[in-house]
Amino acid sequence: LHKVTAEWIAFDISGKKSEKETTKNRLLTLAKILRDRINEGDFPQEIYNKIKMRIDKYELASPGLTFVVRSSAIKAEDLEGFSFAGQQDSFRYQKSLKKVIRSVKKVIASTFSDEAIIYRMRIQAELVRKAGLRPDAKAIAEYLVKDNLSPLNIKMAVVIQKMVENISASGVVF
C-alpha cells in the first residue's frame, strides 16, 4: 500500500495520467483486501474483553441502552488546509456487544475506504509538491515514512459512546 501510494504520487507529479489511473486502481484493490481482512479477521481477545466489561456494566445500569461507534484520529486529524473529519464511518444505535464489535471492525476498516484513500493521496501529493520532491517513487516513499505520512502509519482511536436520545440541537465548538 505504501509503495503503490508513492508510485501514484510520482505519476501525479509527473503528469502521467494513464499510469496514475492504473496505480490508483491497484491501490484501491489493495485497500479492499485490507478492509476485508479487518472485517473478516479475528478480534483481539483482550480488547473484546475490555469492551464487553464496559458494555455489561452500562447495560446493567440502563437495560436497552444503545451505543455509537465512531473514530477519532489521534494524529493528523486536521492539517493546514485539510480536514479528515467524517472520513471514517460511524455507526449509531448499536444494541448488542456483537453489533458493537462488528462496528469497531468496520470503523477501523473504513480507514481504508476508497474515499479516505483518495483523499489522503491528494493530501500526500500536495505535501510532496510543497516539499519540492521530484517524481521518484522511492524518494517519495522515504519522505512519506520520514514525515509519518505513510498510509499504514495512520493512528486512530475507536470511540464507543452511549447514544444520546431526544436532543433538539447539536454541534461542535472549537
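What you see is a predicted model, and the numbers here were worked out from it, not measured in a lab.

**Student:** Mind laying out the overall build of the chain, listing which residues take part and the relevant values?
**Tutor:** A count of helical and extended segments in the chain gives 6 helices and 5 strands. Order of helices (α) and strands (β) in the chain, N terminus to C terminus: α-α-α-β-β-β-β-α-α-α-β. The buried share of the chain, taken over its 174 residues, is 34%. A separation threshold of at least 6 residues defines the contact pool for the chain, and within that pool the share at least 24 residues apart is 73%. For the chain, the accessible surface area stands at approximately 11,000 Å², while carbon and sulfur atoms represent 53% of it.

**Student:** Describe the packing of helix 1 (residues 2–14) against helix 6 (residues 137–146), listing the residues and the values that go with them.
**Tutor:** Axis separation between helix 1 and helix 6 bottoms out at 8 Å; the angle between their running directions is 120°. The pairing of helix 1 with helix 6 is recorded here as oblique in orientation. The two elements helix 1 and helix 6 meet at a crossing, and its hand is right-handed. Residues His2, Thr5, Ala6, Glu7, Ile9, Ala10 and Ile13 of helix 1 touch helix 6, and the partners they reach there are Ala137, Ile140, Ala141, Leu144 and Val145. Partitioning the contact of helix 1 with helix 6 into residue classes produces 9 nonpolar, 2 polar and 1 charged.

**Student:** Describe a positive patch on the surface, with residues and values.
**Tutor:** Positive charge collects at one region of the surface, where Lys95, Lys98, Lys99, Arg102 and Lys106 lie side by side. By secondary structure assignment, the location of Lys106 is in helix 4 (residues 97–109). Overall, Lys106 belongs to the partly exposed group, its relative accessible area being 34%.

**Student:** Describe the confidence of the model for the chain, listing the residues and the values that go with them.
**Tutor:** Across the chain, the average pLDDT comes to 84, with 87% of residues at 70 or higher. Within the chain, strand 2 (residues 78–79) has the poorest average pLDDT of any element, 56, and helix 4 the best, 95.

**Student:** I'd like to hear about the nonpolar core, residue by residue, with values.
**Tutor:** Counting residues in hydrophobic clusters, the biggest one holds 19 residues, and the most contacted among them are Ile9, Leu27, Ile117, Met121, Val128, Ile140 and Leu144. Secondary structure elements with two or more residues in this core: helix 1, helix 2 (17–40), helix 5 (114–131) and helix 6.

Parameters at a glance
- Residues numbered from 1 in each chain as written.
- Predicted model: local features only at pLDDT ≥ 70, side-chain atom pairs only at ≥ 80, totals over all residues.
- Heavy atoms only, no water.
- Helix = DSSP H or I, 4+ residues; strand = E, 2+ residues; numbered from the N terminus.
- Buried < 20%, exposed > 50% of the residue type's maximum accessible area, 1.4 Å probe, protein only.
- Contact = heavy atoms within 4.5 Å.
- Areas by Shrake-Rupley, 256 points an atom, 1.4 Å probe, with all protein chains shown as cover.
- Axes fitted to C-alpha atoms, helices over the stretch in contact; angles between N-to-C directions.
- Parallel < 35°, antiparallel > 145°, perpendicular 65-115°, else oblique.
- Left-handed = near helix turned anticlockwise from the far one by under 90°.
- Nonpolar A, V, L, I, M, F, W, Y, C, P; charged D, E, K, R; others polar.
- Patch = residues over 30% accessible without salt bridge, like charges linked within 9 Å, V, L, I, M, F, W, Y side chains within 5 Å.
- Salt bridge = Lys/Arg side-chain N within 4 Å of Asp/Glu carboxyl O.
- Lys, Arg positive; Asp, Glu negative; His and termini not counted.
- Charge placed at Lys NZ, Arg CZ, Asp CG, Glu CD.
- pLDDT = per-residue confidence, 0-100.
- Core = buried A, V, L, I, M, F, W, Y, C linked by side-chain atoms within 4.5 Å.

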